[in-house]
Amino acid sequence: MLDKTYRPAEVEEKIYALWEGSGAFAADGASAAAPYCIMMPPPNVTGSLHMGHALTFTLQDILVRYHRLRGRDVLWQPGCDHAGIATQMVVERRLEEQDLTRRGLGREKFIERVWQWKAESGDTITRQLRRLGASPDWSRERFTMDEGLSAAVRKVFVDLFRQGLIYKDKRLVNWDPKLRTAISDLEVEQREVTGKMWYFKYPVEGREGQYLTVATTRPETMLGDTAVAVHPDDGRYKGLVGKTCMLPIVDRPIPVVADDYADPEKGTGAVKITPGHDFNDFEVGRRHGLEMINVLDGDARLNDNVPARYRGLGRYEAREKVVAEMESLGLVERVEENLMTLPYGDRSGVVIEPWLMDQWFVDAGTLARPAIEAVEKGDIRFVPEAWAKTYFEWMRNIQPWCISRQIWWGHQIPAWYGPDGKVFVELTEADAHAAAEKHYGRTVELRRDEDVLDTWFSSALWPFSTLGWPGETPELERYYPTDVLVTGFDIIFFWVARMIMMGLHFRGRVPFRTVYIHALVRDMAGQKMSKSKGNIIDPLVLIDSYGTDALRFTLAALAVQGRDIRLAESRVEGYRNFATKLWNAARFCQMNGCRPRAGFDPASCRQTVNRWIVGHVVKTAGRMVRAIEAYRFNEAADALYHFTWGTFCDWYLEFTKPVFQGADEDAKAETRATAAWVLDQLLHMLHPFMPYITEELWRQTDAGRPGMLMSSSWSVPDAALVDSGAEAEMDWVVRLISEVRSVRSEMRVPPGARFPLLLKDAGDAARARLAAHGDLIRGLARLSAAGPADGDVPRGAVQIVLDEATVILPLADVIDVAKEKTRLEREMARLDGEIAKYDGKLANDGFLKKAPAEVIEEQRRRRADAAQARAKLDQAHQRLEAL
């Protein structure tokens, strides 16, 4: 017998061990079943479970559990990313605690320490994924620094280099002066700050007393200026294009160039051009063949390309000195407060510098062309479709991809340099020496490139490297291309696009057929979660409090396509109550002898109530299947929730009580078998969303079952099981009882009060239904009697229209009409005040301009809720007026 209470903490660990120990998560390459494959976006090995993880892995697990139940051979490929910078920082902090440094240890010893850390602490995220109920094929777990994946990385690098698609170039990168490495755009955090805008006057050569005024927020970079740009159509400066200005402090002549980048409407219309320290200026410099001068070193100190008195100064100290010197020269026109956005390293917390340096790049433009075409042709579709537009915008404006990083943890670039700097790119060091010996005609000493590859480089190969490439493995043949990629919008460019590029280039086929982009999980106010705001919701805390199934169902129920999730703990608590409702329903079935019956055919049901519930199972299953296969997780969850809580628990089980308490043994037997069949169908349908409670109920409701729920098969019941007559009959009973209950609630009829129900102008079908189910209707609506109306409508009766009939409820003797009207009028007046307050805010232009979109949306939602409540009260008041 089931316990009175479901206790997730006592069940989940036991059930997960059962699943994993049985091998139920494993793909079966020898199976005749159609394959279904999802690549798990590899979480960082340094990571711990956050709400974004909880959402994406819940949705993926719903898909893989659903397709297992439908009979597919499922591979959910798990693994972790080596997370170059993040991991190196973790290990360096541990070294600091021991008074050690990375450079003091040396590269080889440091890498040993990283592997040691991974062995001790690198499985945190995978342990937490198990708590979430994730069911990937753990036996195939990969790591982006595995030897097999490393071999794939080396081959891709060498092949692309030989094809001219990887090259070394001097370009601007995002330089982190604290970590002393280039970082990707994704690792740059834009912060809004209030700074200053300085307006400097540059003397025009040969024109005494004439100046060009330029504006800058970084005065120290002026020491690297190599031009001033003006718009070619700006009449103010037509006579100056081709002339030169004298760069103050440095005393270097710099040209005035005409370029569309200069905006005549912005500032003075003249722009200082510093190609070595600004991404836009770099492009201007290339167009005009300007000198590229780097004035900073790797620590963001001024280098030897500046006057001696500035060398060695930190960038902010140099800024003060430049401003002071410009003021002493009388060349500061004005200074203004300036609200601006600055790039910060998301890990180091320091301002990032655009820095000119030699780096390795991928010719992303060439690789992007077939990747754009694949989405245009429909070989890959984005869900929601609107994200394809974002993909195209990024891909059609793609820049060379900087792939080198100045750290030690990662895939070291397979490039070696000869004594004269010639580079040899080979798969192994032995191959590099052989190539060098052939080139030089003798044995020479080679120096390996110290840089490692961007983490996203190895991640871009994930869909095929994890399946054994560069070998032509059975797994690669069977599971590639994969079916769907589930991920967040923030890495469409950094990861999704690069996987498409690499998959097409090296496999000749797209890596996945569908990309489902889920939204962000925000707090209840619509704010993005962050430590600084103190609004982070820890999924593990929610799991401890309410159970994994409650959290999973909450996330699925809120996963509306294209809309961010607003998460409140109360929602999770509500779905914990849903799990309790399911448990209690199963317990009721068990207590009433409802056990699965071998060979039971739901088409054999004779009882109307059983034919009715079977039809609703079929319709709910269809809605769930259509929703999941369209990636409308919220609609699937909604269909299951309303069927479980409403149709099954609140109605069907209530309808069965008179049967179980009656004397008709055939009706009892049929109803027990039907209830057990419905419960089994429900466990199958809910399993992808709530795997733990459904597996536990599967085990406990029939100890003789041969296997686990997650390994069983399920198909949508035959549509022929829908009996439209039974559906119309029982749905009418449900609507009638619901209407009576609604009136009782609106009129505040005392719970113990009983009154009769009269049915007026009813057709033959309605009269027959009332006669057949009269006992049920009287009991569930708490009526003293229920029958057809003969004669006039009694005074003090509420009237409700139900199809062609009128339902008459004489209430004059059970409520104080005058008192109830006064209460309703008072409550309506209160709601009128609330609605007026919301209307005032939403009509206020100042509020609409300043308030965040999520706050405005919340005000609209509250206004709608108040209006809906007001309408209900008004309906009740009108009913009282009619008494």
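Further up the page is the structure itself.
Quantities reported herein were computed from a predicted structural model and do not represent experimental measurements. (Residues numbered from 1 in each chain as written. Predicted model: local features only at pLDDT ≥ 70, side-chain atom pairs only at ≥ 80, totals over all residues. Heavy atoms only, no water.)

Draft legend 1. Summary view of the overall build of the chain. What the chain contains, in helices and strands, is 29 helices and 29 strands. With respect to the principal axes defined by its C-alpha atoms, the chain has extents near 110 × 65 × 55 Å. Looking at the chain as a whole, 54% of its 883 residues qualify as buried. The contacts in the chain between residues at least 6 apart in sequence include a share of 77% that link residues at least 24 apart. Counting every atom, the chain has about 38600 Å² of accessible surface; 47% of that belongs to carbon and sulfur. (Helix = DSSP H or I, 4+ residues; strand = E, 2+ residues; numbered from the N terminus. Buried < 20%, exposed > 50% of the residue type's maximum accessible area, 1.4 Å probe, protein only. Contact = heavy atoms within 4.5 Å. Areas by Shrake-Rupley, 256 points an atom, 1.4 Å probe, with all protein chains shown as cover.)

Draft legend 2. The side chain of Asp549, seen in detail. Mapped onto the secondary structure, Asp549 falls in helix α18 (residues 548-558). Arg552 is the oppositely charged side chain nearest to the buried, salt-bridge-free Asp549, at an N-O distance of 5.0 Å. (Lys, Arg positive; Asp, Glu negative; His and termini not counted. Salt bridge = Lys/Arg side-chain N within 4 Å of Asp/Glu carboxyl O.)

Draft legend 3. Focus on the pattern of salt bridges. This structure, assessed with the given rule, holds 59 salt bridges. Between Asp61 and Arg552 there is a salt bridge; the shortest N-O distance is 2.8 Å. In this pair, Asp61 sits in helix α2 (residues 51-69) while Arg552 sits in helix α18, placing the two residues 491 residues apart along the sequence. By the burial criterion, Asp61 is buried, and Arg552 matches it. Glu858 is paired through a salt bridge with Arg861; the nearest N and O atoms lie 2.6 Å apart. Of this pair, Glu858 and Arg861 both sit in helix α29 (residues 853-882), three residues apart, roughly one helical turn. For Glu858, a relative accessible area of 13% corresponds to the buried category. Of the residues examined, Arg861 reaches a relative accessible area of 37% and is grouped as partly exposed.

Draft legend 4. The arrangement of the nonpolar core in detail. Counting residues in hydrophobic clusters, the biggest one holds 161 residues, and the most contacted among them are Met51, Trp612, Phe648, Phe655 and Phe689. Discounting residues that sit within four places of it in the chain, Trp612 has contacts with Thr647, Trp651, Tyr652, Phe655, Ala726, Glu727, Met730, Asp731 and Val734. Counting residues in each nonpolar core, the second largest holds 64 residues, with Ile380, Ala415, Phe493 and Met501 among its members. (Core = buried A, V, L, I, M, F, W, Y, C linked by side-chain atoms within 4.5 Å.)

Draft legend 5. How the structure looks around the sheet that holds strand β16 (residues 401-402). On the basis of which strands lie adjacent, the open sheet formed by four strands has the order β6-β5-β14-β16 and antiparallel pairing. Two strands lie at the open edges of the sheet, namely β6 (181-183) and β16, each paired on one side alone. As paired elements, strand β14 (residues 353-362) and β16 share two bridges and run antiparallel to each other. Each residue of the ladder has a partner; that of Val362, found in β16, is Trp401. (Pairing = 2+ DSSP bridges.)

Draft legend 6. Geometry of α2. With 19 residues, α2 extends 27 Å from end C-alpha to end C-alpha; this agrees with the ideal 27 Å at 1.5 Å per step. Within α2, 18 of the 19 residues are buried, which leaves the element mostly enclosed by the surrounding structure. Directly beyond the C-terminal end of α2, a positive phi value near 95 degrees is found at Gly71. (Expected span 1.5 Å × (residues − 1).)

Draft legend 7. Highlighting the packing of aromatic side chains. Applying the stated criterion across every chain, the model contains 40 aromatic pairs. Considering the side-chain rings of Phe110 and Trp408, the 6.0 Å spacing of their centres and the 70 degrees angle between planes classify their relative orientation as edge-to-face. Of this pair, Phe110 sits in helix α5 (residues 107-121) while Trp408 sits in the loop between β17 (404-405) and β18 (415-417), and the two are 298 residues apart along the sequence. Each member of the pair, Phe110 as well as Trp408, carries the same accessibility label: buried. Relative to Phe493, the ring of Trp394 lies with its centre 6.0 Å away and its plane at 65 degrees, an arrangement referred to as edge-to-face. Of this pair, Trp394 sits in helix α11 (residues 387-396) while Phe493 sits in helix α16 (residues 492-507), and the two are 99 residues apart along the sequence. Judged by its relative accessible area of 34%, Trp394 is partly exposed. Here the aromatic residues Phe553, Tyr575, Phe578, Tyr641, Trp645 and Phe689 are joined through ring pairs into a cluster of three or more. Across the ring face of Phe361, the terminal group of Arg171 is positioned such that the distance to the ring centre comes to 5.9 Å. (Phe/Tyr/Trp six-rings, centres within 6.5 Å; stacked < 30°, edge-to-face > 60°. Lys NZ or Arg CZ within 6 Å of the ring centre and 35° of its normal.)

Draft legend 8. View of the pairing of strand β2 (residues 73-77). Of all five residues making up β2, five are buried, and the element is well covered by its neighbours. Burial along β2 is two-sided: the residues Asp73, Leu75 and Gln77 and Val74 and Trp76 are all buried. Pairing geometry for strand β1 (residues 35-39) and β2, over five bridges, is parallel. When the bridges of β2 are listed, Ile38 appears paired with Trp76. In terms of handedness, the path from β1 via α2 over to β2 forms a crossover that is right-handed. (Right-handed = clockwise from strand over helix to strand, strands pointing away.)

Draft legend 9. Broad picture of the environment of Ala432. Counting through the fold element by element, Ala432 comes out in helix α12 (residues 429-440). The buried category is assigned to Ala432, whose relative accessible area is 0%. The residues contacting Ala432, other than those within four sequence positions of it, are Trp416, Phe424, Glu426 and Leu446.

Draft legend 10. Spatial organisation of the environment of Glu729. Of note, Glu729 is situated in helix α24 (residues 724-746). With residues near it in sequence (within four places) discarded, Glu729 still touches Thr608, Arg769 and His773.

Draft legend 11. How the structure looks around unusual backbone geometry. For the bond from Val383 to Pro384, the omega torsion is -5 degrees, close enough to zero to count as cis. For Pro384, the location among the structural elements is in the loop between β15 (381-383) and α11. The omega torsion of the bond from Trp469 to Pro470 falls at 20 degrees, within 30 degrees of zero and hence cis. Positive phi outside glycine occurs at Ile249, with the angle close to 70 degrees. Its place among the elements puts Ile249 in the loop between β10 (244-247) and β11 (252-258). For Ile249, a relative accessible area of 8% translates into the label buried.

Draft legend 12. Representation of the sheet that holds strand β13 (residues 332-345) within the structure. With respect to topology, three strands assemble into an open sheet ordered β8-β7-β13, the strand pairing being antiparallel. Each having just a single partner strand, β8 (211-216) and β13 make up the two edges of the open sheet. Strand-to-strand twist across the sheet, computed as the mean angle between neighbouring axes with direction ignored, equals 20 degrees. Direction of pairing for strand β7 (residues 188-203) relative to β13: antiparallel, over a ladder of 13 bridges. Across the sheet, the residue bridging to Glu189 is Tyr344, located in β13. Lying on the sheet, helix α9 (residues 315-328) is in contact with β7 and β13; it crosses β7 at an angle near 25 degrees. (Axes fitted to C-alpha atoms, helices over the stretch in contact; angles between N-to-C directions.)

Draft legend 13. Region of interest: empty space enclosed by the protein. Taken as a whole, this structure holds two cavities of 30 Å³ or more when the rule is applied. Of the voids in this model, the largest cavity is the one considered here, and its volume is about 40 Å³. Around the largest cavity sit Leu55, Tyr516, Ile517, His518, Ala519, Ala559, Val560, Gln561, Gly562, Arg563 and Ile565, which together line it. Sorting elements by how many residues they give to the lining of the largest cavity places strand β23 (residues 512-518) first, with three residues. Across the lining of the largest cavity, the residue classes tally to seven nonpolar, three polar and one charged. By volume, the second largest cavity amounts to about 30 Å³. Residue lining of the second largest cavity: Ile85, Asp176, Leu179, Ile183, Glu187, Gly345, Asp346 and Arg347, and that is the complete set. (1 Å grid on protein atoms, 1.4 Å probe; cavity = no way out; pocket = protein on both sides within 12 Å on 5 of 7 lines; lining within 4 Å. Points joined across faces, edges and corners; volume = space filled by probe spheres on them. Nonpolar A, V, L, I, M, F, W, Y, C, P; charged D, E, K, R; others polar.)

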